[in-house]
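Letter by letter, the chains look like this.
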Amino acid sequence: MSAPGLGLPLLVLALTVLAGVMVSRRIALWRVGRPARVDWTRGLLALPKRYLVDVHHVVGRDPYAARMHALAAGGLLAGSGLALLALVPVLGASRLFWLLIALAFGMALAGGFMVGRRRLPVRPARLSGGRFQRLPFLLAAYAAGALLVALDAALGGHLTALSWPGLVLAAAGGLGLVLQLDTGPMRHAFAGALHLVAHPRPARFEGVRETALAPLDLDAARLPGVRLPGVRLPGVRLGIAEPADFAWNRLVGFDACIQCGRCEVACPAFAAGQPLNPKRLIQDLASALQPGATNATYAGSPYPHAREVAGIGGPDLPLVGTGAMIHPDTLWSCTTCRACVEECPMMIEHVDAIVGMRRFQTLELGAVPEKAAAPLSELRYADEPQGRALSARTDFAAGLELPRIGPRGAEILLWLGEGAYDLRHGRTLRALVALLHRAGVDFAVLGDEERDCGDLARRLGDEATFQRLARANISTLARHSFRRILTADPHALHVLRNEYRAFGGVFEVIHHTALLDELVAAGRLPLAPLARAVTYHDPCYLGRYNGEIDAPRRLIDRLGLARVEMERAGRRSMCCGGGGGAPLSDIEGERRIPDIRMAQAAATGAGTLAVACPQCTAMLEGVTGARPEVRDIAELVLEAVEAAPSARHAELAS
Amino acid sequence: MSEVPHIVVLLSAGRHPVSGRHCPVPVELQAIGLGHMLCGTGAADAITGLHAGPGTPALADALGHGLARLVHLETGGEDDPLPSLIAALREEAPALILAGRAGQGGEDTGTLPYALARALSLPIVADAVALKSGPLPGTLQVEQALPRGARRRLVVRLPAVITVHPAAPAPRPFAFAARTRGEVEQRPGVPSPRNAPAQAIEERPYRPRPRLIAKSAAGASAAERLKAATEAASGGGRLLVDPAPEEAAREILAHLRGLGVLRR
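If you're wondering where the values come from, they're calculated on a predicted model, not measured in any experiment.

Rules of the game
Residues numbered from 1 in each chain as written. Chains lettered and ligands numbered in written order. Predicted model: local features only at pLDDT ≥ 70, side-chain atom pairs only at ≥ 80, totals over all residues. Heavy atoms only, no water. UniProt positions renumbered as here; feature names shortened; annotations may be inferred. Helix = DSSP H or I, 4+ residues; strand = E, 2+ residues; numbered from the N terminus. Phe/Tyr/Trp six-rings, centres within 6.5 Å; stacked < 30°, edge-to-face > 60°. Buried < 20%, exposed > 50% of the residue type's maximum accessible area, 1.4 Å probe, protein only. Axes fitted to C-alpha atoms, helices over the stretch in contact; angles between N-to-C directions. Left-handed = near helix turned anticlockwise from the far one by under 90°. Contact = heavy atoms within 4.5 Å. Nonpolar A, V, L, I, M, F, W, Y, C, P; charged D, E, K, R; others polar. Pairing = 2+ DSSP bridges. pLDDT = per-residue confidence, 0-100. Domains from an automatic or database assignment. Buried area = accessible area lost by both parts, 1.4 Å probe.

Participant: Honestly, the UniProt feature "transmembrane region" (unreviewed entry) in chain A in this entry has me stumped. Any pointers?
Facilitator: Cross-referencing UniProt, the feature "transmembrane region" (unreviewed entry) maps to residues 6-24, 70-90, 96-116 and 137-155 of chain A in the present numbering. From the first C-alpha to the last, residues 137-155 of chain A spans 26 Å; its make-up is 95% helix and 0% strand.

Participant: I keep staring at the packing of aromatic side chains and nothing clicks. Help me out?
Facilitator: Note on aromatic pairs: each is described by the distance of the centres and the angle between the planes. Residues and elements named next belong to chain A. Per the stated rule, a full pass over the model turns up eight aromatic pairs over all chains. Between phenylalanine 105 and tyrosine 142, the aromatic rings sit 5.7 Å apart at their centres with planes inclined by 85°, giving edge-to-face as the arrangement. Of this pair, phenylalanine 105 sits in helix 5 (residues 95-119) while tyrosine 142 sits in helix 6 (residues 131-154), and the two are 37 residues apart along the sequence. Classification of tyrosine 142 as buried rests on a relative accessible area of 4%.

Participant: Just checking my understanding: could you explain the packing of helix 2 (residues 40-59) of chain A against helix 8 (residues 187-197) of chain A for this structure?
Facilitator: Packed helix pairs are characterised by how far apart their axes lie and by the angle those axes make with each other. All names here are of chain A. Running from N to C, helix 2 and helix 8 cross one another at 115°; their axes reach a closest spacing of 7 Å. Our pair here, helix 2 against helix 8, has a crossing hand that is right-handed. Note on element contacts: helix 8 touches helix 2 through Ala193, Leu194, Leu196 and Val197, opposite Trp40, Gly43, Leu44, Leu47, Arg50, Tyr51 and Val55. Per-class residue counts for the contact of helix 2 with helix 8 are nine nonpolar, one polar and one charged.

Participant: Before we go on, may I ask you to explain helix 9 (residues 248-255) of chain A in this structure?
Facilitator: Counting buried positions along helix 9 of chain A gives seven out of eight residues, so the element sits mostly inside the fold. For helix 9 of chain A, the full list of buried residues reads A:Trp248, A:Asn249, A:Leu251, A:Val252, A:Gly253, A:Phe254 and A:Asp255.

Participant: Got a minute to help me understand the sheet that holds strand 5 (residues 69-74) of chain B in this structure?
Facilitator: Within a sheet, adjacent strands bond to each other through the backbone by hydrogen bonds, running parallel or antiparallel. Residues and elements named next belong to chain B. Read across the open sheet, the nine strands follow the order 9-8-7-10-6-1-4-5-11; overall the sheet is mixed. If you trace the sheet from one side to the other, it starts and ends with strand 9 (151-157) and strand 11 (183-188), each paired once. For this sheet, the mean inter-axis angle between neighbouring strands, taken without regard to orientation, is 35°. Sheet topology note: the strand 4 (residues 47-53)/strand 5 ladder contains six bridges and is parallel. Bridging across to strand 5, threonine 48 finds its partner in arginine 69. Against the sheet, helix 1 (residues 26-39) makes contact with strand 1 (7-10), strand 4, strand 6 (96-100), strand 7 (124-133), strand 8 (139-145) and strand 10 (160-164), and its axis sits at roughly 35° relative to strand 7, the strand it touches most. Along the sheet, helix 2 (residues 81-92) contacts strand 1, strand 4, strand 5, strand 6 and strand 11; its crossing angle with strand 4, the most-contacted strand, is approximately 150°.

Participant: It is not clear to me how the confidence of the model for chain B should be interpreted in this structure. Could you clarify?
Facilitator: Any residue range with low pLDDT should be treated as having predicted coordinates unsuitable for detailed reading. On average, residues of chain B score 85 in pLDDT, and 85% of them are at 70 or above. For this predicted complex, the interface confidence comes out at an ipTM of 0.86, alongside a pTM of 0.89.

Participant: Explain the domain arrangement of chain A to me, please; I cannot follow it from the model alone.
Facilitator: Accessible area lost when the parts come together is the quantity often used to give the size of an interface. Residues and elements named next belong to chain A. Domain annotation of chain A identifies domain 1 (3-198), domain 2 (240-365), domain 3 (383-519) and domain 4 (525-643). Computed from C-alpha atoms alone, the centre-to-centre distance between domain 1 and domain 2 is 28 Å. At the interface, 36 residues of domain 1 touch 38 residues of domain 2. A buried area of about 3,000 Å², summed over both sides, lies between domain 1 and domain 2, and 57% of it is on carbon and sulfur atoms.

Next comes the structure, spelled out in structure tokens:
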């Protein structure tokens, strides 16, 4: 083996040691986080599958990025690993082995070239600049240098003239890459791997749509023993105020971010020009962990119409506030639609972080958005965000038979939800009730025993009110006998189905589109086909949160409607702007989210926009000007049922 | 007045107008907010809540709206709260007593602050919407809400009783942690049984009544009903078309005198 041939394995060894030092510095920072329960064995065993399958599925939505990453990361790791093995004399002496190393670095060089081509000469807006712009050069230098050394060794020393400069080049590039492990782009490599192992929502990798928020221990706020003014006891703060309040594996998650900007492109608040950019938010959270932190090194798109903040932080300094990293308006701009989470190749949980910080704002500071204070207060004292009588919830059904659940119980319990008070959604519910009667479904409602499900309170960070409502609703539901809960409100569906579980409420909950699909398939609702073009808007809390994207589409197809898909549909659908308490927070932007969504609907050319959520109905119907007509799927089904000949015969006969 | 005055906010056992459940009275929470405006941030310890009565679960919720301390004088359900309050306030001798102009949901006649002021021989100012330190030490400048949106500013010497108007700024939003950590100091109140009311009083949640349409409602045509409804909504007064400036000025002055905005 030639001298440079020995030099390369030693260089890789030195770089590995240096990398270990850089990584341990970051690990020391993560230790300020709160403890988290992690199943290490399971996580480590699952890492290859999580990385090669789950992550690849998300990265693969952009095939160029997937190929680039496979070449650059695969080549770099394989080449460096094999080069280390060349220290074993038998392998180091093998020219075939060196050819293998050369091949791996050749791949890495191609990957580095692809990284460069993506960013140079023009960098797409969603990608970050700064240190990221230097990355392709460092990658290429390390790979090209190592390639030269390996080729020389493979050819038996015929390229010695190139091999020395090659080693120098590899050393320069490699050093540059390793020095970026702490705060630069390379941090995502090891933080990402650790994040995949110790992910806070491991069930996401096992095909479970794990989207429920974790309950907060409210009793933690009760100080034991004597109350000491001015003394902060550990573990008693509710919600997240400082980086140290995050669990350590959440902090690892923020460091896993590679600033690819896919979240930024998907975020409806960003598109509307509200001061939220999920990428920037995660970067602010990641940089706040550093003692004496500033946000100055960030080099991507800013928060649109960013509100003035000091941009300073540290592990024990506040995250939110004008004197900190993140302006409160940024937190309240989020619609909790999870589009960023869906797009994130590193599986970062943006919405959990936002709700965690909102909890501190609401529970500890009482700093809720101005218009949210009154609805939260009404929820506390009237179980209804507008302070309306619970008995008035069934007023929409005046003139219809709406059975109230009694001791006999019912097959299906119809959960009416907040939308029942709204005249527009009342029309949807009337159609649904009429359909249930026609299909002969045994159903009933709770009447004035139905309280608000607590979705609004929870998303606004008022965990105390949510937990009270959840417990009250669960005990009400436990008193009655029914098999399934039916609802036309995906927000209620998500809360009842997924979030009540943590409080002991396990229910089978079905969305009205799924039940109507069942009934139509069973022939219990004879239809006459409606021939027109329709486009379907997936509610975030049904599609993304619960993975239910097929039943509504199947139902639309059964109605004989020509279904045209929007630019963003299914699990990658765009929010209507109505979730997460966003209409109450009312953070000013350039445009409105529903206007953007309606423009996407109008672009399909369909005359009808089918919806399946009271929030979406209200938000999209509020769009002015020429636009497709907004109809709930239940209304479309009723229209088809009423047009059916058998229905006409039945009417004539009666 | 440079130093922070000691403020006591009177709290009553309110009920939600629709659900009928126990809840804090909004105008009393606004009173806490005015107290904060007066002492500024960081001096919240200077504000104490005071309640006399059997106590309700929602009482402590006032702690979540910016009270650090709450004194609860426990009395029986039939006891008159006034003697307990008088005794406690004589002992505490606060510089300022804030109360809502009327409670919500109980037997709230709005007379308690007046009875209290008389018993303690303190001046009372009704319907405050803003408080500021007065020009001289020991005085308070009060902005008072008059009917039809008019405002009047006056200065009162402390100690005094001030009642707060619903047009005051919105209260601080509720903070759950502050409610959990706040202190409630239980003390026995002064037992003072009241005479039983002549008739049993029936309590039920408030429900808005349908608006009556003017006299011509029954049997009149739709157009007449509309006319009656819109006439009732108009503000009255006289319509002058193109008057002389002097005449217009006289009319405006007369109108303002009629409203009570101008005195002379």
